[in-house]
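These are the residues of each chain, in order.
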Amino acid sequence: MTDLHTTHLHDDYLDGLLDNQQKAAVDNHIAGCDQCLSDMERLKNLTGLLQGIQTPDPGNEYFRNLADRIDSRTVAAEQRFAAEPVGTDRRHTYNDIMKTLIRLAAVITLLFTSFYVSYIKQEKNDTRWAEKISESDLVNSKTMVLPGMLIEPESDISQTGEKSADQDSQTVEIETRK
Amino acid sequence: MTDDITQLVILFQEGSRPAYTKLVKAFRRKVYALAYKMLLSHIDADEVAQETFVRVYNRIGQLKSPQHFSSFVYRIASNYSIDLLRKRRGRMVAMPNESELPGAVQMALASKVADPAKELENKELLSTIIKATEELPPRQRMTLVLHDIEGLSKEEVARIMSCPEATVRSNLHIARSKLKAKLGKLLSR
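Residues numbered from 1 in each chain as written. Chains lettered and ligands numbered in written order. Predicted model: local features only at pLDDT ≥ 70, side-chain atom pairs only at ≥ 80, totals over all residues. Heavy atoms only, no water.

Colleague: How should I be thinking about the side chain of B:Lys180 in this particular structure?
Modeller: Relative to the elements of secondary structure, B:Lys180 occurs in helix 8 (residues 165-183). B:Lys180 sits in the buried class, given a relative accessible area of 8%. Engagement of the side chain of B:Lys180 in a polar contact is seen with the side chain of A:Asp39, the distance being 2.8 Å. Once you skip the residues sitting within four places of it in the chain, B:Lys180 turns out to touch A:Asp39, A:Arg42, A:Leu43, A:Leu46 and B:Leu187. (Helix = DSSP H or I, 4+ residues; strand = E, 2+ residues; numbered from the N terminus. Buried < 20%, exposed > 50% of the residue type's maximum accessible area, 1.4 Å probe, protein only. Polar contact = N/O pair within 3.5 Å; in protein donor to acceptor, adjacent residues only side chain to side chain. Contact = heavy atoms within 4.5 Å.)

In structure tokens, the structure reads:
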């Protein structure tokens, strides 16, 4: 233990929760530290005073009377419960209701979380598919350029006018394709 | 807890009314004392004592371990005391009103002294302590009452207040620190 103050250990010291080594360390420190010594003394005095607080004694007559009143009150409570119609059990305590609400909230949170996680996964899958499709589109579009180039008819311009009608139609076709 | 009490609790759980009556007689003084130290009022302590045992009667089915009956009773008493304290907060009672008590008795410190001057000093000191504890939050106050005044162990306090032992230690440390600060030089005598 360092020479730092030991005030954080004084409660445990008085409550007997420190081991021998820790107690010895606190004792050694207190021997040379007025602040900690003062704190320990005040704490001892405080706990001593608190332990010495006595409850006033109202007397045996009071306690006999108390027992009778408890008995009457218990009987009255029993009769109240018995008088309630069947099915309207109001013995659910506040704690029972809270427990039910907490369980319900936990189930809803679990359902929501699982739904959200599956939604996110689906989104990611869709994104990946979209990326793959666009990649394959790019590849296919490149190969399609070549057939277009091959399709490009050999020039019939050099041919004679007999073929000019055909030539014209082919030119139109090319222009259409473009 | 003694075997007799455990046996009575088992009989009570089986529906024995005489067993319940005996348990009331065994615990009524302790419940009254706890409530009084918490609420500092005979009328309030009386109310807590009555209501505690009615609730014990209605909830005995919830007690799974008969050997922990005292913790069960204390828990009900402390929870009701805290509820009552929160409702009636603001009603300052520096010293208990003697006219409320069925006899000329009052709260006192244990040290019996013949010297009137010392007795007056004790009275003033007690008044200061009570005032200081009144300003604590309810759960810190209850922890202090159960551990430092009633003398229960931290384990038992944790069971009564349904919290971890570490929380009990923390609440106790904070409550004591506040009292040390408020009582100041009075504790250095």
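Colleague: Looking at this structure, how should I read the interface of chain B and chain A?
Modeller: Accessible area lost upon the coming together of the parts is a frequently used measure of interface size. With 48 residues of chain B in contact, the opposing surface of chain A contributes 37 residues. In total, about 4000 Å² of surface goes out of reach between chain B and chain A, with carbon and sulfur atoms giving 59% of it. Taken together, chain B and chain A are joined by 10 salt bridges. For B:Lys180, the salt bridge goes to A:Asp39, with nearest N and O atoms at 2.8 Å. Linking chain B with chain A are 16 residue pairs in polar contact (both at pLDDT 80 or more), by the criterion used here. Looking at the side of chain B that touches chain A, the elements that each hand over two or more residues are helix 2 (17-39), helix 3 (42-59), strand 1 (108-109), helix 5 (116-134), helix 6 (138-149) and helix 8 of chain B. Per-element tally for the side of chain B that touches chain A: the top contributor is helix 3 of chain B, with 11 residues. Across the side of chain B that touches chain A, the residue classes tally to 25 nonpolar, 9 polar and 14 charged. (Buried area = accessible area lost by both parts, 1.4 Å probe. Salt bridge = Lys/Arg side-chain N within 4 Å of Asp/Glu carboxyl O. Nonpolar A, V, L, I, M, F, W, Y, C, P; charged D, E, K, R; others polar.)

Colleague: Can you walk me through the packing of helix 1 (residues 3-13) of chain B against helix 2 of chain B in this structure?
Modeller: Between two packed helices, the angle of one axis relative to the other and the distance separating the axes together describe the packing. Residue and element names in this part refer to chain B. Contact pair helix 1 / helix 2: the axes reach a minimum separation of 8 Å and the direction vectors enclose 140 degrees. Looking at the two axes, helix 1 sits oblique to helix 2. When you trace helix 1 past helix 2, the crossing you get is left-handed. Two secondary-structure elements touch here, helix 1 through Ile 5, Leu 8, Val 9, Leu 11 and Phe 12 and helix 2 through Ala 19, Tyr 20, Lys 22, Leu 23, Ala 26 and Phe 27. Of the residues that constitute the contact of helix 1 with helix 2, the class distribution is 10 nonpolar, no polar and 1 charged. (Axes fitted to C-alpha atoms, helices over the stretch in contact; angles between N-to-C directions. Parallel < 35°, antiparallel > 145°, perpendicular 65-115°, else oblique. Left-handed = near helix turned anticlockwise from the far one by under 90°.)

Colleague: Honestly, the packing of aromatic side chains in this entry has me stumped. Any pointers?
Modeller: In this description, a pair of aromatic rings is defined by centroid distance and the angle of the planes. Taken as a whole, this structure holds 10 aromatic pairs over all chains when the rule is applied. Between B:Phe12 and B:Tyr20 the ring centres are 5.0 Å apart and the planes differ by 35 degrees, which places this aromatic pair in the tilted class. For the pair B:Phe12 and B:Tyr20, a shared accessibility class is recorded, and that class is buried. Three or more aromatic residues joined by ring pairs form one cluster here, namely A:Tyr62, A:Phe63, B:Tyr32 and B:Tyr36. (Phe/Tyr/Trp six-rings, centres within 6.5 Å; stacked < 30°, edge-to-face > 60°.)

Colleague: Please clarify how the environment of B:Asp3 should be interpreted in this entry.
Modeller: Within the fold, B:Asp3 resides in helix 1. Separated by 63 residues in the primary sequence, B:Asp3 and B:Pro66 have C-alpha atoms spaced 9.8 Å apart.

Colleague: Whenever I open this one, the pattern of salt bridges confuses me. Can you help?
Modeller: Pairing between side chains of opposite charge can happen when their charged atoms approach one another. Using the criterion set out here, one finds 17 salt bridges over all chains in the structure. In this structure, B:Glu150 engages B:Lys37 in a salt bridge whose closest nitrogen and oxygen atoms are separated by 2.6 Å. In this pair, B:Glu150 sits in the loop between helix 6 and helix 7 (154-161) while B:Lys37 sits in helix 2, placing the two residues 113 residues apart along the sequence. Residue B:Glu150 is classed as partly exposed on the basis of its relative accessible area of 21%. Through salt bridges with shared partners, a single ionic network connects A:Asp11, A:Asp15, B:Asp148, B:Lys154 and B:Arg176.

Colleague: Please explain helix 6 of chain B as it appears in this structure.
Modeller: A turn of α-helix holds 3.6 residues, and therefore any two residues three or four places apart point the same way. Residues and elements named next belong to chain B. The buried fraction of helix 6 amounts to 11 of the 12 residues, a majority that puts the element mostly inside the structure. Listing the buried residues of helix 6 in full gives Pro 138, Gln 140, Arg 141, Met 142, Thr 143, Leu 144, Val 145, Leu 146, His 147, Asp 148 and Ile 149. Among the residues trailing helix 6, Gly 151 stands out with phi positive, at a value near 80 degrees.

Colleague: Quick question: what am I supposed to make of a nonpolar patch on the surface here?
Modeller: Residues and elements named next belong to chain A. A contiguous nonpolar surface patch, about 730 Å² in accessible area, is contributed by Tyr 94, Ile 97, Met 98, Leu 101, Ile 102, Leu 104 and Ile 108. By the element assignment, Met 98 lies in helix 5 (residues 94-151). Owing to a relative accessible area of 30%, Met 98 belongs among the partly exposed residues under this scheme. (Patch = residues over 30% accessible without salt bridge, like charges linked within 9 Å, V, L, I, M, F, W, Y side chains within 5 Å. Areas by Shrake-Rupley, 256 points an atom, 1.4 Å probe, with all protein chains shown as cover.)

Colleague: I would appreciate a short explanation of the packing of helix 6 of chain B against helix 8 of chain B in the present structure.
Modeller: Residues and elements named next belong to chain B. The interhelical angle for the contact between helix 6 and helix 8, taken along N-to-C directions, is 95 degrees, at an axis separation of 9 Å. Accordingly, the angle class assigned to the pair helix 6 and helix 8 is roughly perpendicular. Where helix 6 approaches helix 8, its residues Gln 140, Thr 143, Leu 144, His 147 and Asp 148 are matched on the opposing element by Val 168, Asn 171, Leu 172, Ile 174, Ala 175, Arg 176, Lys 178 and Leu 179.

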